Amino acid sequence: SIGSVLALKLQASLLWWALLLILALFLDSSTFPLPVLLWTALTVLLDGLFATTLASFKTMLRNQYVLALESSSDFIWMLVTLALIASGSLELTAFLQVRAAVLAVSLLAGLALLHRKIGLQVSQPTAALALRQTLPFAVSEFFALTSMRIDLLIIAFALGKTAAGVYSPALSLV
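Conventions adopted
Residues numbered from 1 in each chain as written. Predicted model: local features only at pLDDT ≥ 70, side-chain atom pairs only at ≥ 80, totals over all residues. Heavy atoms only, no water. Core = buried A, V, L, I, M, F, W, Y, C linked by side-chain atoms within 4.5 Å. Buried < 20%, exposed > 50% of the residue type's maximum accessible area, 1.4 Å probe, protein only. Helix = DSSP H or I, 4+ residues; strand = E, 2+ residues; numbered from the N terminus. Contact = heavy atoms within 4.5 Å. Expected span 1.5 Å × (residues − 1). Patch = residues over 30% accessible without salt bridge, like charges linked within 9 Å, V, L, I, M, F, W, Y side chains within 5 Å. Areas by Shrake-Rupley, 256 points an atom, 1.4 Å probe, with all protein chains shown as cover. Salt bridge = Lys/Arg side-chain N within 4 Å of Asp/Glu carboxyl O.

Here the focus is the nonpolar core. Counting residues in each nonpolar core, the largest one holds 15 residues, and the members touching the most others are Leu46, Phe50, Leu54, Phe57, Leu69 and Leu113. For this core, the secondary-structure elements that each account for two or more residues are helix H2 (34-59), helix H3 (63-86) and helix H4 (92-118). If one sorts the elements of this core by residue count, H2 sits on top with six residues. Excluding anything up to four places from it in sequence, leucine 69 contacts Phe50, Leu54, Phe57, Ser106, Ala109, Gly110 and Leu113. Core analysis: the second largest hydrophobic core is formed by ten residues, Leu20, Leu27, Leu37 and Ile155 among them.

Over its 27 residues, H4 extends 38 Å from the first C-alpha to the last, a length consistent with the 39 Å expected when each residue adds 1.5 Å. Phi turns positive, to about 80 degrees, at glycine 119, one or two residues after H4.

Take a nonpolar patch on the surface next. On the surface, a nonpolar cluster with roughly 570 Å² of combined accessible area is contributed by Phe75, Ile76, Met78, Leu79, Leu82 and Ile85. Tracing the chain through its elements places phenylalanine 75 in helix H3. For phenylalanine 75, a relative accessible area of 46% gives the class partly exposed.

What follows is about unusual backbone geometry. What is expected of a backbone is that most residues other than glycine have negative phi and most peptide bonds are trans. Positive phi outside glycine occurs at leucine 61, with the angle close to 60 degrees. Mapped onto the fold, leucine 61 is located in the loop between H2 and H3. Judged by relative accessible area, which is 66%, leucine 61 ranks as exposed.

The next point concerns H3. If you check H3, its first and last C-alpha atoms are 34 Å apart, about what 24 residues at 1.5 Å a residue would give, namely 34 Å. Within the sequence span of H3, burial applies to Tyr65, Val66, Leu69, Ser73, Thr81 and Leu84. Where H3 is buried, its residues contact H2 and H4. Taken from the residues just after H3, glycine 88 is the one with a positive phi, measuring 85 degrees.

Geometry only, nothing functional implied.
Below is the structure:
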């Protein structure tokens, strides 16, 4: 069931977030500031859960809900970003906090809609079966995602925060 999959993903995401917190203790805080790292990780976590919620609607061929949820989330994020820029905010964590808030509200709206349309229930047998069947995929996905961004870590460690700061947006453009 969708509820079981979301529960598994939430548990795995929280474990990942906790491991990232532990890893952050060993990273150079001038290159990887702890607040930026943790707020970024939270936005990734929320974005992943929101994407799973949207995928649930897609599998049910309820694309009108995907359109409404995704476009409203992106539109609100754009408005809030423009408001932060207009206010003269130069603090990166402010942008990350607002992004996390928009994603949290979007996720809650998506979950409420899913619950209303199909009900969200967590089934222990279904969750156990899903975990057994998806573990190899999850491990390969983890390594694929890690290897896609390991270059940024290598540059940050070898060349410093300025090089990493220039490299990251350039890579995003490609």
